[in-house]
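# An overview of the molecular structure
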Amino acid sequence: MTTILLDEAQSPDGAALPLSAWSLHRRVQRNGRTVIEVNDDGGDLVGLITSTSLPMLSVDGAWRGRGYRADGTPQWWALAIGHATASDDEPVVTFTRRRGQRGAPPRRIVVRPSRLQGLWVAAVPGLHTAVTCQQGAEHRIRRLAPVPRLHTHA
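Residues numbered from 1 in each chain as written. Predicted model: local features only at pLDDT ≥ 70, side-chain atom pairs only at ≥ 80, totals over all residues. Heavy atoms only, no water.

## What about the sheet that holds strand S3 (residues 34–39)?
What holds strands together in a sheet is hydrogen bonding between their backbones, with the strands either parallel or antiparallel. Strand order in this open sheet of 4 strands is S1-S2-S3-S4, and the pairing throughout is antiparallel. Each edge of the open sheet carries a strand with a single partner, namely strand S1 (15–16) and strand S4 (45–50). The pairing of strand S2 (residues 23–28) with S3 spans 6 bridges and is classified as antiparallel. Counted as the bridge partner of Arg26 is Ile36 from S3. (Pairing = 2+ DSSP bridges. Helix = DSSP H or I, 4+ residues; strand = E, 2+ residues; numbered from the N terminus.)

## Some points on the sheet that holds strand S10 (residues 119–125)
Read from one edge to the other, the open sheet built from 4 strands follows the order S5-S6-S10-S9, with strand pairing classed as antiparallel. Strand pairing shows two members of the sheet lacking a second neighbour, strand S5 (58–68) and strand S9 (114–116), which therefore form its edges. Taken over all neighbouring pairs, the strand axes of this sheet differ in orientation by 15° on average, direction set aside. Of the pairings in the sheet, the one linking strand S6 (residues 74–83) to S10 comprises 7 bridges and is antiparallel in character. Residue pairing for S10: Leu79 is matched across the bridge by Ala123. (Axes fitted to C-alpha atoms, helices over the stretch in contact; angles between N-to-C directions.)

## As for the confidence of the model for the protein
Averaged over every residue, the pLDDT of the protein is 79; the share at 70 or more is 77%. The weakest mean pLDDT in the protein belongs to helix H1 (residues 2–8) at 62; the strongest belongs to S4 at 91. (pLDDT = per-residue confidence, 0-100.)

## Quick look at the environment of Pro74
In this structure, Pro74 sits in strand S6. The residues contacting Pro74, other than those within four sequence positions of it, are Arg66, Gly67, Tyr68 and Arg69. (Contact = heavy atoms within 4.5 Å.)

## Notes on the pattern of salt bridges
The final tally for this structure, using the stated rule, is 2 salt bridges. Between Glu37 and Arg27 there is a salt bridge, and its shortest N-O distance comes to 2.9 Å. One end of the pair, Glu37, is in strand S3; the other, Arg27, is in strand S2, and 10 residues separate them in sequence. Glu37 gets classed as buried once you look at its relative accessible area, which sits at 16%. The class for Arg27 is partly exposed, based on a relative accessible area of 40%. Here Glu90 makes a salt bridge to Arg115, at a shortest N to O gap of 3.6 Å. Here the residue Glu90 occupies a position in the loop between S6 and strand S7 (92–97), and Arg115 occupies one in strand S9, the gap between them amounting to 25 residues. With a relative accessible area of 42%, Glu90 lands in the partly exposed category. (Salt bridge = Lys/Arg side-chain N within 4 Å of Asp/Glu carboxyl O. Buried < 20%, exposed > 50% of the residue type's maximum accessible area, 1.4 Å probe, protein only.)

Listed below in structure tokens is the structure:
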């Protein structure tokens, strides 16, 4: 999913995200730096990341939402963007979600993100509450999100 996103993001319409009418756009500035933009269903900018020559690892933005499959059934998804160092080590992004039962271990999905000029993009299906990016043995960063409240308890 993520490799396709970066390739399609370069088109004038951008890459459609699994959330209805959200899109990912990629462009190159005059100074040669790459910019990745995330737009919501109203076309408003909700995320922006620009490549840099600084060696850093980061999770700069993460979103989750619900879209619909072609047959109309709902599908949760998660998207994250960030910076990766220029080292030879490939970054690994882990999306984590809680399990419904108390004490149950969390469920994780590990992906290799798409990389471009020091930036990375990763997307997975599912309802996730945290994103971790690791590159090599010594570089690890985690971005937390509030735990979604899908049901209120009386």
